[in-house]
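Here is what each chain is made of, one letter per residue.
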Amino acid sequence: MSVAGERPRDSPGLGPEFGPSALGTKEHWDAAYESELQIFQESGDAGEIWFGEESMIRLIRWMEKQKIPLDSSVLDIGTGNGVLLIELAKCGYTNLTGIDYSPSAIQLSQNIIEKEGLVNIKLQVKDFLTPSAELSGFQICIDKGTFDAISLNPDNAAEKRKQYVKSLCAVLKMEGFFLITSCNWTKEELLNEFREGFEILEELPTPKFCFGGRIGNSVTALVFQRKIRPFILDKLD
């Protein structure tokens, strides 16, 4: 799932002041993916690539630059139509999992993956805010718009953001990487949201534009790494 709507990256943070929106509800995404599933069945159109094709290229290039092993376990959080997983599979990655809380999104992903003839992609209908015990041990977690959507949920979005971070800590291995692309949050805001348990490794370059005489980014793309717990460091010393 993903969220439309952009603001300059250097504008004041929305944070807890995000207004509630239908874009933050499961009902919206169920309806959206039911429509996209029908369109795919009728025309073969896989639907939108959230944040554009360049957003996928940006993430994959980073993984290739870091020489991430092709058998590393990768989780796509809110996979939507699964196009990112398909591109990763075409690049040789073999241990790919996509989750989405919308059954129609997972069905759409499955249909597109089958059409592409790919076999190394696992799909599950799961709400990331309530992950099951078997959803753990991932070396890479990727988010393109899901955290944005959660931030717009009309039902206590602030608490859901905290739960997102807890879920991320539960599914991502120590020293694993978290790649997030957002159109609603600035770098500074994301650093604050993920300050517990994560450290920033890199800000990936994204398109810039001029707004009111000021230059900003249309999206923010960051790479975090899961911190080693302090008590583990103590034992190593």
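Preceding block: the structure.
All figures in this text were calculated on a predicted structure; none of them were measured in a lab. (Residues numbered from 1 in each chain as written. Predicted model: local features only at pLDDT ≥ 70, side-chain atom pairs only at ≥ 80, totals over all residues. Heavy atoms only, no water.)

Caption draft 1: Fine view of the pairing of strand 3 (residues 121-125). Bridge count between strand 2 (residues 96-100) and strand 3: five bridges; the pairing is parallel. Note that in strand 3 the partner of D100 across the bridge is V125. (Pairing = 2+ DSSP bridges. Helix = DSSP H or I, 4+ residues; strand = E, 2+ residues; numbered from the N terminus.)

Caption draft 2: Representation of the pattern of salt bridges. Scanning the model with the defined rule gives six salt bridges in all. As a salt-bridge pair, D30 and K26 come within 2.7 Å of each other at their nearest N and O atoms. Of the two residues, D30 and K26 both sit in helix 1 (residues 26-43), four residues apart, roughly one turn of that helix. The partly exposed category is assigned to K26, whose relative accessible area is 33%. Note that K90 and E116 form a salt bridge whose closest N and O atoms lie 3.3 Å from each other. Within this pair, whereas K90 is found in helix 3 (residues 83-90), its partner E116 is found in helix 4 (residues 103-116), the two being separated by 26 residues in sequence. For E116, a relative accessible area of 38% puts it in the partly exposed group. (Salt bridge = Lys/Arg side-chain N within 4 Å of Asp/Glu carboxyl O. Buried < 20%, exposed > 50% of the residue type's maximum accessible area, 1.4 Å probe, protein only.)

Caption draft 3: The layout of surface pockets, seen in detail. By volume, the largest pocket is sized at about 230 Å³. When contributions to the lining of the largest pocket are tallied by element, the ones reaching two or more residues are helix 6 (157-171) and helix 7 (187-193). Here the lining of the largest pocket takes five residues from helix 6, the largest share from any one element. Taken together, the residues that form the lining of the largest pocket break down as two nonpolar, one polar and six charged. (1 Å grid on protein atoms, 1.4 Å probe; cavity = no way out; pocket = protein on both sides within 12 Å on 5 of 7 lines; lining within 4 Å. Points joined across faces, edges and corners; volume = space filled by probe spheres on them. Nonpolar A, V, L, I, M, F, W, Y, C, P; charged D, E, K, R; others polar.)

Caption draft 4: Focus on empty space enclosed by the protein. Summed over the entire model, instances satisfying the criterion amount to one cavity of 30 Å³ or more. Put simply, the largest cavity is a space of about 100 Å³. Lining the largest cavity, in full, are E48, I49, W50, M56, D76, G78, T79, N81, G82, V83, L84 and K144. Taken together, the residues that form the lining of the largest cavity break down as five nonpolar, four polar and three charged.

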